Amino acid sequence: MLVAAAVCPCPPLLVPPVAAGAAPELDGARAACTDALGVLAAARPDLLVVLGPAERSGRGPHPQGARGSFRGFGVEVDVRLGPERGPVPQSPLPPSLAVAAWLLERTGWSDAPIEGLGVGEPLEPERCIQTGRDIAARAERVALLVMGDASACRTLKAPGYLDERAAPFDAEVARALGAADVAALRTLDAELAYALKASGRACWQVLAGAAEGADLGGSLLYEDAPYGVGYMVATWS
């Protein structure tokens, strides 16, 4: 059963060496992510599952100890998804899960076994929801760390250019995450999310499936759109 969840953005810019001189711009997001992971630890889960958007080659599952790297972004920073247990898997973590691994290392996570799962962005809502139900049934006390960004179309300089639909879409996502509104997340428009380059849609709908019947309350800790991309941090407990 799902007992807690944390929702965090997944830009590699969260990792200060990647952001370099722009690192202070995301200090607020980093602090909120730290607080969100504290909520997960306080829930004393038996299992932590980390979700993040991924291409087909990176979907996993990724066992505890899986490695990731930010060397592709020009910095010699390597991460690991929790302490190693047995042979190190050869398949690298996708960028979203590498950011999650960095956050977990930064906060010294040692509270429960960890597993990573890359979620394909085009995954149909019904399959996302069923995946969430299956995850919630895996242990008596399951926690989720859900990585993903909102729209990338909030400004003229955004990666997806300006789209007037982006701000209302992000506002509704922020409201739903802050209110732990399972029904609203379950019915997010997948086609609109894709058009707005919202990488978190599928992962949020996995969360919706996992949270069915859990009666969790939500709190929105951070919402902003630096670089024209919507970043949100929320907790459910």
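So, here's what we can say about the structure. Here the residue index of a chain counts from 1 through its sequence in written order. Since the coordinates come from a predicted model, pLDDT governs what is reported: local features require at least 70, and pairs of side-chain atoms require 80 or more to be given and counted, while whole-chain, interface and lining totals use all residues. Computation of side-chain values covers all heavy atoms of the structure but excludes hydrogens and water.

**Considering the overall build of the protein**
Where we set the bar: For helices the rule is a DSSP run of H or I covering at least 4 residues; for strands it is a run of E covering at least 2, with both sets numbered from the N terminus onward. A 1.4 Å probe rolled over the protein chains alone gives each residue an accessible area, and that area as a share of the maximum for its type sets the label: buried under 20%, exposed over 50%, partly exposed in between. Any two residues whose heavy atoms approach within 4.5 Å are treated as being in contact. Under this rule, positive means Lys or Arg and negative means Asp or Glu; His and the chain ends count for nothing. Taken as the charge location is NZ of Lys, CZ of Arg, CG of Asp or CD of Glu.
Scanning the protein from terminus to terminus reveals eight helices and eight strands. Considering only C-alpha atoms, the protein reaches an extent of 50 × 45 × 30 Å along its principal axes. Residues counted as buried form 54% of the 237 residues belonging to the protein. Put simply, 75% of the contacts in the protein that link residues at least 6 apart link residues at least 24 apart. Between the mean site of the 20 positive side-chain charges and the mean site of the 28 negative ones, the protein shows a separation of 4 Å.

**Section: the packing of helix H2 (residues 27–42) against helix H3 (residues 95–106)**
Where we set the bar: Every angle, taken between N-to-C directions, lies between 0 and 180 degrees, and every axis is a line fitted to C-alpha atoms, over only the stretch in contact when it is a helix. By definition in this entry, angles of less than 35 degrees are roughly parallel, angles greater than 145 are roughly antiparallel, angles of 65 to 115 are roughly perpendicular, and the rest are oblique. Each residue is assigned to one of three groups, with Ala, Val, Leu, Ile, Met, Phe, Trp, Tyr, Cys and Pro labelled nonpolar, Asp, Glu, Lys and Arg labelled charged, and all others, Gly among them, labelled polar.
Following both chains from N to C, one finds H2 and H3 inclined at 70°, their axes separated by 10 Å at the closest point. As summarised for this structure, H2 and H3 are arranged roughly perpendicular, according to the angle between their axes. Facing Arg30, Cys33, Thr34 and Leu37 of H2, the residues of H3 in contact are Trp102, Leu103, Leu104 and Arg106. Taken together, the residues of the contact of H2 with H3 break down into five nonpolar, one polar and two charged.

**Looking at helix H5 (residues 166–179)**
Heads up, the condition is: One less than the number of residues in a helix, times 1.5 Å, gives the span that helix is expected to have.
Its 14 residues place the ends of H5 20 Å apart at the C-alpha level, agreeing with the 20 Å of an ideal helix rising 1.5 Å per residue. All of the buried residues along H5 are Ala166, Phe169, Asp170, Val173, Ala174, Ala176, Leu177 and Gly178. Its buried side turned inward, H5 meets strand E1 (2–8), helix H6 (182–186), helix H7 (190–195), helix H8 (201–210), strand E7 (218–224) and strand E8 (231–236). Ala180 sits one or two positions beyond H5 and adopts a positive phi of about 50°.

**What about the environment of Leu97?**
If you trace the backbone, Leu97 turns up in helix H3. Its relative accessible area of 0% is what places Leu97 among the buried residues. In sequence terms Leu97 and Leu117 are 20 residues apart; their C-alpha atoms lie 8.0 Å from each other. What Leu97 contacts, discounting residues up to four positions off in sequence, is Val50, Leu51, Gly52, His62, Gly116, Leu117 and Gly118.

**Quick notes on the packing of aromatic side chains**
Counted only if it meets this: Here a pair means two rings of Phe, Tyr or Trp (six-membered ring of Trp) with centres within 6.5 Å. Their orientation is stacked below 30 degrees between planes, edge-to-face above 60, and tilted elsewhere.
Going through the model one piece at a time under the given rule, you end up with one aromatic pair. Seen in terms of ring centroids, Phe70 and Phe73 are 6.3 Å apart; in terms of plane orientation they differ by 45°. Their pairing is tilted. A relative accessible area of 0% means that Phe70 is categorised as buried. Phe73 sits in the partly exposed class, given a relative accessible area of 44%.

**Overview of the packing of helix H4 (residues 125–136) against H8**
Operational definition: Helix crossings get a hand from a simple test, with the near helix turned counterclockwise from the far one by less than a right angle marking a left-handed crossing and a clockwise turn marking a right-handed one.
Where H4 meets H8, the axes come as close as 6 Å, and the angle between the chain directions of the two elements is 50°. Overall, the two elements H4 and H8 adopt an arrangement that is oblique. Here H4 runs over H8; the crossing is right-handed. Here H4 contributes Pro125, Cys128, Ile129, Thr131, Gly132, Arg133, Ile135 and Ala136 to the contact with H8, which in turn contributes Arg201, Ala202, Gln205, Val206, Gly209 and Ala210. A class-by-class count of the residues in the contact of H4 with H8 yields eight nonpolar, four polar and two charged.

**Regarding the nonpolar core**
Across soluble globular proteins, nonpolar side chains have a tendency to be buried as a group. The condition is simple: Buried Ala, Val, Leu, Ile, Met, Phe, Trp, Tyr and Cys residues form a nonpolar core when they are joined through side-chain atoms within 4.5 Å.
Counting residues in each nonpolar core, the largest one holds 45 residues, and the members touching the most others are Leu51, Leu144, Leu177, Leu185, Trp204, Leu207 and Trp236. Among the elements that take part in this core, H8 stands out by supplying seven residues, more than any other. Counting residues in each nonpolar core, the second largest holds 44 residues, with Val3, Cys10, Ala143 and Ala152 among its members.

**Thoughts on a nonpolar patch on the surface**
We apply this condition: Note that patches include only residues with greater than 30% relative accessible area and no salt bridge, and the join distances are 9 Å for like charges and 5 Å for nonpolar side chains (Val, Leu, Ile, Met, Phe, Trp, Tyr). Only the protein chains shown count as cover for residues, and the accessible areas themselves come from Shrake-Rupley with a 1.4 Å probe. When a carboxyl oxygen of Asp or Glu is within 4 Å of a side-chain nitrogen of Lys or Arg, the pair counts as a salt bridge.
Taken together, the side chains of Leu156, Tyr161 and Leu162 present a nonpolar region at the surface, about 320 Å² in accessible area. By the secondary structure assignment, Tyr161 is in the loop between strand E6 (142–147) and H5.

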